[in-house]
Amino acid sequence: MAVACSKFDVVVVGGGNAALCAALSAREEGAAVLMLERAPESDRGGNSSYTEGLMRFVYSGIDDILALAPDLGDDEIACSDFGAYTKEQFFDDMTRETQGRTDPDLCEILVNHSSAAVHWLRTQGVRFLPQFGRQAFKVEGRFKFWGGAILAAWGGGPGLITTLYRAAEQRGVQIAYDAWVRDLVSTDAGVTGVVARVSGTTRAFHCGAVVLACGGFEANAEWRSRYLGRGWDLAKVRGTKYNTGDGLAMALRAGAQPCGHWSGCHAIGWERYAPDFGDLSITDNLERGSYPCSILVNADGKRFVDEGADLRSYTYARYGGMILEQPGQFAWEIYDSKVLHLLRSEYRTRHVTKVQADTIEQLVARMDDVRQDQLLQTIRDFNAAVQTDVAFDPNAKDGRGTRGLAIPKSNWANTIESPPFEAYAVSCGITFTFGGIRITKEAQVVNTNHEPINGLYAAGEMVGGLFYFNYPAATGLTSGAVFGKIAGRSAARAAMGRKNGGG
Ligand SMILES: Cc1cc2nc3c(=O)[nH]c(=O)nc-3n(C[C@H](O)[C@H](O)[C@H](O)COP(=O)(O)OP(=O)(O)OC[C@H]3O[C@@H](n4cnc5c(N)ncnc54)[C@H](O)[C@@H]3O)c2cc1C
């Protein structure tokens, strides 16, 4: 699309959830907004397009859910226990999973604004649905939701992004695709524009303020090995190929302060033979999120992790890195018939490397690249250690663990003995990187001299300091919405101030 007007108050760099929220929020303040998305229109939306659209937010009960999920039927309401998710629980989850390192100011903003941000998305046209069968299993006729992340945007990530682009277009945000932003324009007065290659032609766009919302460096193999460490160049990229750290690089060149866990990232168990980058026709179907019901074994035929240490929402983002550390950077998940009905829907697509058999010996013989004798011994040892006297409950940490194993399974331990057996090959899929740049409470970028940079704001994956070591599931979209909204508003106000003769 040609850019109709060359004078903008706010230029937003990026085209995912955080960028769209920033653009919509800046428009609400009356700013003229241009959004520059590096991808072509057919590939727009960044990682946000690859998500299942799941969002973590504070809610107090069924009324919140009904306001956000107007399509829920009476029968679905009747068989569901949505519970509640308090601010205290959200704080606790963030603090525990980040080992107490999350920036208290940013975390407070994230938690306190999470509910308002999700309700604001609803006003932009986004509808939500509870994630039956993913964030709750049906036990004795009822779904009991757990873990604070229960609603996903209707249509998943693609649905969320389509709705937000529609809202942005309707509200007069100008959008350029194929618009690869290469640098910021800065003077002593601060940032006053960007340089971008739009459809092959490089030009400058001048403006009152810039919002950087163009992702982390997960799609840059060289940066991954440089910052995350040895072997990370071998990870598969779950989402967009366009998040190569450009925004971080240009911000650092402009003096921005690096912040947060630069050697940390979110990475999960992912289809072993997945393509190097995400594919929008498959999106999240390469995830293997049912491992708490499995045993995970490596090429040596050994278990290497407590598959049931906690609910999936609190372990999955760490386990990709553990798979990457295994010989050959892969593992197998093994299930028996007792839990096959609990497997998430992605296990029933054609995007799986799967073997199936009626005996354990046959199954093991069909699993590529694994030491069979050791694996058979591992399964025997595991079966003997399962505490079968404790009841199995997939909706809660049930304490049905193993006894006496060097690597325990703490919950949801079931013997592997009832045919048919299934095994799925996984490798490491990186989702996004945790390191970013420091921002103020108003989402203004801070420089290495600890001063806010005039005219520069950031949101989404680019914000450093929120996530360390781990991540409570479904916080990325919430963070993008919360800080995108703040960044857009702050940038608009700053741009108007500059236009009216202020700094
Ligand atoms: C497969 C998958 C599933 C996920 N599921 C969930 C989920 O259900 N819930 C959840 O909360 N989180 C989920 N996440 C994480 C979530 O996607 C991210 O946390 C969130 O989408 C980040 O939003 P963002 O806007 O910061 O980045 P993105 O959505 O990645 O957007 C970055 C944008 O910047 C653009 N860009 C990059 N470089 C440039 C440049 N130089 N110039 C111009 N534009 C540029 C990109 O093209 C892209 O449009 C998932 C991620 C993946 C990959």
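Preceding this section is the structure that the text describes.
Below is a short write-up of the structure.

**Quick notes on the environment of Glu333**
Move 1: With respect to the secondary-structure elements, Glu333 resides in strand S17 (residues 330-335).
Move 2: Sequence separation between Glu333 and Ser294 is 39 residues, and the spatial gap between their C-alpha atoms is 5.7 Å.
Move 3: Apart from residues no more than four positions distant in its own chain, Glu333 is found in contact with Arg288, Tyr291, Ser294, Ile295, Leu296, Tyr347, Glu422, Ala423, Tyr424 and Val426.
Move 4: At 2.6 Å, the side chain of Glu333 forms a polar contact with the side chain of Tyr335.

**Looking at the pairing of strand S19 (residues 421-433)**
Move 1: Taken across its 13 residues, S19 has 13 buried, putting it largely inside the fold.
Move 2: Of the strand pairs in this sheet, strand S13 (residues 236-237) and S19 are connected by two bridges, and their pairing is parallel. What sits directly across from Val237, in S19, is Ile430.
Move 3: Where strand S15 (residues 265-271) meets S19, seven bridges bridge the pair, whose relative direction is antiparallel. By the bridge assignment for S19, Trp270 is matched with Ser427.
Move 4: As paired strands, S17 and S19 are joined by six bridges and run antiparallel to one another. Residue pairing in the sheet places Trp332 in a bridge with Ala425 of S19.

**Some details on the packing of aromatic side chains**
Move 1: In this structure the tally under the stated criterion is 20 aromatic pairs.
Move 2: Summarising the aromatic geometry, the rings of Tyr227 and Trp262 are spaced 5.1 Å apart at their centres and angled 65 degrees between planes, so their arrangement reads as edge-to-face. Taken together, the residues Tyr227 in helix H7 (residues 221-228) and Trp262 in the loop between strand S14 (258-259) and S15 connect sequence positions 35 residues apart.
Move 3: Here a set of aromatic residues connected by ring pairs shows up, and it is made of Phe82, Phe132, Phe143 and Phe145.
Move 4: In this arrangement the basic side chain of Arg44 is found over the ring face of Tyr165, its NZ or CZ atom lying 4.0 Å from the centre.

**A few points about empty space enclosed by the protein**
Move 1: Summed over the entire model, instances satisfying the criterion amount to four cavities of 30 Å³ or more.
Move 2: Empty space within the second largest cavity amounts to approximately 160 Å³.
Move 3: Phe137, Trp146, Gly289, Pro292 and Arg312 are the residues nearest the centre of the second largest cavity, which is lined by 14 residues in total.
Move 4: When grouped by side-chain class, the residues that make up the lining of the second largest cavity number seven nonpolar, four polar and three charged.

**Things to note about the site of the ligand**
Move 1: The ligand sits among 38 residues. The nearest are Glu37, Asn47, Ser48, Leu54 and Asn243.
Move 2: One of the backbone N or O atoms of Gly45 is found 3.4 Å from an oxygen atom in the ligand.
Move 3: Interatomic distance of 3.3 Å between a backbone N/O atom of Gly476 and an oxygen atom of the ligand.
Move 4: Protein contacts shield 97% of the accessible area of the ligand, which totals 1000 Å² for the unbound molecule.
Move 5: Every element with two or more residues in the shell around the ligand is listed here: helix H1 (17-28), strand S10 (179-187) and helix H12 (476-499).
Move 6: Broken down by element, the residue count for the shell around the ligand peaks at three residues, all from S10.
Move 7: The residue makeup of the shell around the ligand, split by class, is 14 nonpolar, 17 polar and seven charged.

**Focus on the sheet that holds strand S7 (residues 142-144)**
Move 1: Taken in spatial order, the three strands line up as S4-S7-S6 in an open sheet, and their pairing is mixed. Two strands in the sheet have a free side with no partner beyond their single neighbour: strand S4 (80-81) and strand S6 (138-139).
Move 2: For S4 and S7, the ladder comprises two bridges, and the chain directions are parallel. Residue Ser80 lies in a different strand from S7, and its bridge partner there is Phe143.

**Here we look at helix H5 (residues 104-123)**
Move 1: Taking 1.5 Å of rise per residue, the 20 residues of H5 would be expected to cover 28 Å, and the 29 Å separating its terminal C-alpha atoms lies within 8% of that figure.
Move 2: Maximum bend of H5: about 50 degrees, positioned at Ser114.
Move 3: Of all the positions in H5, only Leu106, Cys107, Ile109, Leu110, Val111, Ser114, Ser115, Ala117, Val118, Trp120 and Leu121 are classed as buried.
Move 4: Structurally, the start of H5 carries an N-cap: the backbone nitrogen of Asp105 is 2.9 Å from a side-chain oxygen of Asp103.
Move 5: Two residues or fewer after H5 comes Gly125, characterised by a positive phi angle close to 110 degrees.

**Section: the layout of surface pockets**
Move 1: Of the volumes computed, that of the largest pocket is approximately 340 Å³.
Move 2: Lining of the largest pocket is provided by 18 residues; of these, Cys265, Ala317, Arg318, Phe469 and Asn470 occupy positions nearest its centre.
Move 3: When contributions to the lining of the largest pocket are tallied by element, the ones reaching two or more residues are helix H4 (87-97), S15 and helix H9 (316-324).
Move 4: If you tally residues by element for the lining of the largest pocket, the top one is H9, at four residues.
Move 5: Split by residue class, the lining of the largest pocket holds eight nonpolar, six polar and four charged.
Move 6: Roughly 250 Å³ of internal volume is contained in the second largest pocket.
Move 7: Taken together, 18 residues form the lining of the second largest pocket, with Gln89, Trp146, Gly147, Gly148 and Tyr314 sitting closest to its centre.
Move 8: The element best represented in the lining of the second largest pocket is H4, accounting for three residues.
Move 9: Among the residues making up the lining of the second largest pocket, the classes are represented as nine nonpolar, four polar and five charged.

Cut-offs used in this document
Residues numbered from 1 in each chain as written. Predicted model: local features only at pLDDT ≥ 70, side-chain atom pairs only at ≥ 80, totals over all residues. Heavy atoms only, no water. Helix = DSSP H or I, 4+ residues; strand = E, 2+ residues; numbered from the N terminus. Contact = heavy atoms within 4.5 Å. Polar contact = N/O pair within 3.5 Å; in protein donor to acceptor, adjacent residues only side chain to side chain. Buried < 20%, exposed > 50% of the residue type's maximum accessible area, 1.4 Å probe, protein only. Pairing = 2+ DSSP bridges. Phe/Tyr/Trp six-rings, centres within 6.5 Å; stacked < 30°, edge-to-face > 60°. Lys NZ or Arg CZ within 6 Å of the ring centre and 35° of its normal. 1 Å grid on protein atoms, 1.4 Å probe; cavity = no way out; pocket = protein on both sides within 12 Å on 5 of 7 lines; lining within 4 Å. Points joined across faces, edges and corners; volume = space filled by probe spheres on them. Nonpolar A, V, L, I, M, F, W, Y, C, P; charged D, E, K, R; others polar. Near = heavy atom within 4 Å. Areas by Shrake-Rupley, 256 points an atom, 1.4 Å probe, with all protein chains shown as cover. Expected span 1.5 Å × (residues − 1). Bend = angle between axes of the 7 residues up to and from the residue.

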